[in-house]
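Architecture at a glance
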Amino acid sequence: SKYVVGVSGGIGSGKTTVTNAFAKLDVDIIDADVIARDVVAQGTEGLRAIVEKFGPDILDQGQCLNRRALRQIIFSDEQAKQWLNQLLHPLIRQETLRQTISATSSYCMLSVPLLVENGSYKNVDRVLIVDVPEASQLARSMARDDADEALIRSIMASQASRQQRLEVADDVIDNSGDESALTVQISRLHHKYLGYAAQV
Ligand code: ATP
């Protein structure tokens, strides 16, 4: 089966920047955030089940899932949250597997923001962590999203710590420098992964 490298890192660490660079090397990138949206897109069994459970008010005017309304429900209702997780996890797992199997590159990357937090690092062949000091995470996230410091700090506090991520890492990309400093690191890892993929 396909060799899968799981990629993660905290908010603003540079996951997208890094996976874009691997994509340029023709590595197929599977994005867990995109899959999480796709499994509840219009016309899916996921969305149908959610409407059946919570009623048509869970849809917006365009008949799409109103994420804010759903977030509000599960924020205050632990049973609803569990129900939703039990619905979504198998759908997400199935779709991730499907995309992994249909990947055509010799290895593929699975980008999962919460790889460490949700335990899915156990389901990949190798874990690649994009690492930066917290001060850079903060500065880059604030610059990109035009968000205030308190918001970014609260998101950082809800995520795994830098230390927790490094503990599960097989490989680490140091993104504390400028973007040109990524090129050599990415090229080395790419050749290493091609070698691993050739062995499976
Ligand atoms: P999130 O989880 O918040 O979506 P991410 O981990 O995908 O973030 P990116 O979007 O790749 O991170 O990077 C965050 C911001 O920092 C972007 O605006 C990006 O252009 C910038 N950035 C990434 N790497 C560097 C770097 N080495 N030097 C300066 N800026 C960088």
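Residues numbered from 1 in each chain as written. Predicted model: local features only at pLDDT ≥ 70, side-chain atom pairs only at ≥ 80, totals over all residues.

**Remarks on the domain arrangement of the protein chain**
The line we're drawing: Domain delimitation follows an automatic or database domain assignment. The contact criterion used here is simple: two residues whose C-beta atoms, placed from the backbone, lie within 7 Å are in contact.
Along its sequence, the protein chain is carved into domain 1 (1-27 + 105-200) and domain 2 (33-104). Spacing between the C-alpha centres of domain 1 and domain 2 amounts to 25 Å. Across the contact, 6 residues belong to domain 1 and 6 residues belong to domain 2.

**Some words on the UniProt feature "binding site: ATP" (unreviewed entry) in the protein chain**
Put simply, the rule is: UniProt positions are given in the numbering used here, feature names are shortened, and annotations may be inferred rather than shown by experiment. In this description a helix means any DSSP run of H or I spanning at least four residues, a strand means any run of E spanning at least two, and both kinds are numbered starting from the N terminus. Remark: C-beta atoms are placed from the backbone, and a residue is labelled buried if 20 or more other C-beta atoms sit within 10 Å of its own, exposed if 12 or fewer do, or partly exposed between those counts.
Under the feature "binding site: ATP" (unreviewed entry), the UniProt entry names G12, S13, G14, K15, T16 and T17. Summarising the element assignment, S13 is placed in the loop between β1 (3-8) and α1 (15-24). Residue classification places S13 among the buried positions, given that 27 C-beta atoms sit within 10 Å. Other than its neighbours up to four places away in sequence, S13 contacts V130, D131, V132, Q137 and N175. When you line up the elements, T16 lands in helix α1. The class of T16 is partly exposed, set by 17 C-beta atoms lying within 10 Å.

**Concerning the nonpolar core**
When a protein is soluble and globular, its nonpolar side chains tend to lie buried together. Let me state the cut-off plainly: Residues enter a nonpolar core if they are buried, belong to Ala, Val, Leu, Ile, Met, Phe, Trp, Tyr or Cys, and are joined to the set through C-beta atoms within 7 Å.
Residues V5, V7, C108, M109, L110 and V127 are the most contacted members of the largest nonpolar core, which totals 32 residues. For this core, the secondary structure elements donating two or more residues are β1, α1, β2 (28-31), α2 (32-38), β3 (107-111) and β4 (126-131). Apart from the residues lying within four places of it in its own chain, the contact partners of V127 are G6, L115, Y121, V168, A169 and D170.

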